[in-house]
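# Analysis of the macromolecular model
The lines below spell out each chain.
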Amino acid sequence: MSQPLAERLRPRTLDDYIGQKHLVGEGAVLRRMIDAGRISSFILWGPPGVGKTTLAQIIAGRLKTPFYTLSAVTSGVKDVRDVIDRAGKNRFFNEASPILFIDEIHRFSKSQQDSLLGAVERGTVTLIGATTENPSFEVIRPLLSRCQLYVLKSLDKTDLEGLLKRAVTQDVVLRERDIELRETAALMRYCGGDARKLLNILELVVESLAGEQKVIITDEVVVRSLQQNPLAYDKDGEMHYDIISAFIKSIRGSDPDAAIYWLARMIEGGEDPKFIARRLIISAAEDIGLANPNALLLANAAFEAVQKIGWPEGRIPLAEATVYLATSPKSNSAYLAIDKALDLVRRTGNQPVPLHIRNAPTKLMKDLGYNDGYKYPHDYPGHFTPQQYMPDELAAERIWHGQHSPAEEKLCQRMASLWGERYNN
């Protein structure tokens, strides 16, 4: 049985390797280490199909060192220790350390990752880890500190088109067919920068036209062959966090078109509507805040509407809230205020509550001065009278600073009229 196209075309040398010029191009950091014949442990972080495993295999081939592979999906702590033991026995004085390649290292448990520490630190093995997830969240800090981190990028259109041409002209199977790449937009859209997915789709399309004397690949042929919508969106993966980040940043940046686009990407990718609605509530409080307090009400209403009416109609209140938030004036003064207050509390500890604003439900408390001197604001004109509410040591601290939106300007003006100099800046 013939190997899959993606495996047949797997590069064996850096000269055949596609993309990642910032790492393996002439003079790049990884290229220099490889050419010098010595590499340190590192982790490759990037989306699927960009060459993480291939790069590790090429490095092992160049360095002519033993190469061990573990999959975090099927390996346990015992497997890790067995490989490390074999690697230690295969290492000779002054030779490069055997390479231990761990695919999907983010799936290793803490104990599995702990079992690697000693071998990496002693140089028994050179660890190359591959992950599609953010290592700062998924890899334990001691292991991460012992490894360099290299970020691989999605392949661009030029890289992918070059790969397509190589496939139809150099692959031992495809070059026997008369293949014309008349249109590639659908191929590019569906692969999402994933070289392996691109080659799998190409192979599927060619096989679907097995009876044709000449294989003409067009966007229509690709869509018809796939009969599905393989969008690059993993609800449990890095793409999930990237897209929700783009969604929130578009709202914060007052771009309703971009916000709606990223909303559509999440909807088409099958994201949980309640997750989107929760993020809208957070955005309303964090980014719009006092500049338009109604935003929080509308975001919360959208969340309740999604729960009540379900899907697909729930997309409509989500879209309404998204556009409303994106077009609203912005203020993060409340967000900044609570973070500043939390920092102040952590720095100054448990400051005592001033006696005059303490509750005094018993005679003893009254005798001790609790509530003594408190001025009830409703007894004064405008329902206000100046008095100290902060702890004595922090009486001069300013925490909330109003920002310049029409709604918040009114709040600032009111505070200045009540408190005078304290709120004039």
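The rules behind these values
- Residues numbered from 1 in each chain as written.
- Predicted model: local features only at pLDDT ≥ 70, side-chain atom pairs only at ≥ 80, totals over all residues.
- Heavy atoms only, no water.
- Salt bridge = Lys/Arg side-chain N within 4 Å of Asp/Glu carboxyl O.
- Buried < 20%, exposed > 50% of the residue type's maximum accessible area, 1.4 Å probe, protein only.
- Pairing = 2+ DSSP bridges.
- Helix = DSSP H or I, 4+ residues; strand = E, 2+ residues; numbered from the N terminus.
- Axes fitted to C-alpha atoms, helices over the stretch in contact; angles between N-to-C directions.
- Contact = heavy atoms within 4.5 Å.
- Parallel < 35°, antiparallel > 145°, perpendicular 65-115°, else oblique.
- Left-handed = near helix turned anticlockwise from the far one by under 90°.
- Arc of directions from axis to C-beta.
- Expected span 1.5 Å × (residues − 1).
- Polar contact = N/O pair within 3.5 Å; in protein donor to acceptor, adjacent residues only side chain to side chain.
- Phe/Tyr/Trp six-rings, centres within 6.5 Å; stacked < 30°, edge-to-face > 60°.
- Lys NZ or Arg CZ within 6 Å of the ring centre and 35° of its normal.
- pLDDT = per-residue confidence, 0-100.
- Patch = residues over 30% accessible without salt bridge, like charges linked within 9 Å, V, L, I, M, F, W, Y side chains within 5 Å.
- Areas by Shrake-Rupley, 256 points an atom, 1.4 Å probe, with all protein chains shown as cover.

## Notes on the pattern of salt bridges
With the rule as written, the count across this model stands at 21 salt bridges. Among the ionic pairs, Glu7 bridges to Arg10, the shortest N-O distance being 3.1 Å. By relative accessible area, Glu7 is classed as partly exposed at 28%. For Arg10, a relative accessible area of 19% corresponds to the buried category.

## Overview of the sheet that holds strand β3 (residues 99-103)
Strand order across the open sheet formed by five strands is β2-β3-β4-β1-β5, with parallel pairing between neighbours. Strand pairing shows two members of the sheet lacking a second neighbour, β2 (67-71) and β5 (148-151), which therefore form its edges. The mean angle between the axes of side-by-side strands here comes to 20°, regardless of whether they run parallel or antiparallel. Two strands pair when backbone bridges link them, and strand β1 (residues 42-45) and β5 are joined in this way by four bridges, in the parallel orientation. Note that in β5 the partner of Trp45 across the bridge is Val151. Those strands touched by helix α4 (residues 52-63) are β1, β2, β3 and β4 (126-131), and its axis lies near 170° from that of β3.

## Section: unusual backbone geometry
Here the residue pair Trp311 and Pro312 is connected by a cis peptide bond, since its omega of 15° sits within 30 degrees of zero. Assignment of secondary structure puts Pro312 in the loop between α16 (294-309) and α17 (315-327). Phi is positive for Gln20, which is not a glycine, with a value near 60°. With respect to the helices and strands, Gln20 occurs in the loop between α1 (5-8) and α2 (21-24). Classification of Gln20 as buried rests on a relative accessible area of 5%.

## Details of the environment of Ile140
Tracing the backbone through its elements, the reader meets Ile140 in the loop between α7 (135-138) and α8 (141-145). Accessibility expressed as a relative area gives 14% for Ile140, which makes it buried. Separated by 20 residues in sequence, Ile140 and Val120 have C-alpha atoms that sit 14 Å apart. When neighbours within four sequence positions are excluded, Ile140 is seen to be in contact with Lys110, Gln113, Asp114 and Leu117.

## Considerations on the environment of Pro317
Examined against the element boundaries, Pro317 turns out to sit in helix α17. The sequence separation of Pro317 and Ala305 amounts to twelve residues, and the corresponding C-alpha distance is 6.9 Å.

## Regarding the packing of helix α9 (residues 157-170) against helix α11 (residues 195-208)
Running from amino to carboxyl end, α9 crosses α11 at an angle of 40°, the nearest separation of the two axes being 11 Å. Classified by the interaxial angle, the pair formed by α9 and α11 is oblique. Remark: the crossing between α9 and α11 carries right-handed chirality. Touching Leu160, Leu163, Leu164, Ala167 and Val168 of α9 are Ala195, Leu198, Leu199 and Leu202, all from α11.

## A look at helix α12 (residues 219-226)
Here α12 has its buried residues at Val221, Val222, Ser225 and Leu226. An end-on view of α12 places all buried positions within 120° of arc, on one side of the element.

## Focus on α11
Taking 1.5 Å as the rise per residue, α11 with 14 residues should run 20 Å; its terminal C-alpha atoms sit 20 Å apart, in good agreement. Within the sequence span of α11, burial applies to Ala195, Leu198, Leu199, Ile201, Leu202, Glu203, Val205 and Val206. On the buried face of α11, the contacting elements are α1, α9, β6 (178-181), α10 (185-191), β7 (214-217) and α12. Between the side-chain oxygen of the N-cap and the backbone nitrogen of Arg196 there are 3.0 Å, and the N-cap of α11 in question is Asp194.

## Some points on the side chain of Ser405
Assignment of secondary structure puts Ser405 in the loop between α19 (363-367) and α20 (406-419). With relative accessibility at 4%, the residue Ser405 sits in the buried group. When neighbours within four sequence positions are excluded, Ser405 is seen to be in contact with Ala291 and Pro329.

## Re the packing of aromatic side chains
Across all of its chains, the model carries four aromatic pairs by this definition. Ring plane angle 75° and centroid distance 4.8 Å describe the contact between Tyr261 and Trp262, whose orientation is recorded as edge-to-face. Residue Tyr261 is classed as partly exposed on the basis of its relative accessible area, which comes to 43%. Owing to a relative accessible area of 22%, Trp262 belongs among the partly exposed residues under this scheme. A cation over an aromatic ring shows up here: Arg358 above the ring of Tyr370, its NZ or CZ 4.9 Å from the ring centre.

## Looking at the side chain of Asn292
Examined against the element boundaries, Asn292 turns out to sit in the loop between α15 (273-288) and α16. Within the structure, the side chain of Asn292 is placed 3.0 Å from the side chain of Tyr324, a separation counted as a polar contact. In this structure, Asn292 is in contact with Tyr324, Ser328 and Pro329, ignoring residues within four places of it in sequence.

## What about the confidence of the model for the protein chain?
Looking at the protein chain as a whole, the pLDDT averages 84, with 94% of positions reaching at least 70. Contacts for the low-pLDDT stretch residues 229-234, under 50 throughout, to residues beyond four places or in other chains number 17 contacts.

## Details of a nonpolar patch on the surface
The grouping of Tyr374, Tyr376 and Tyr389 at the surface amounts to a nonpolar patch, some 300 Å² of accessible area in total. Turning to its location among the elements, Tyr374 is positioned in the loop between α19 and α20.

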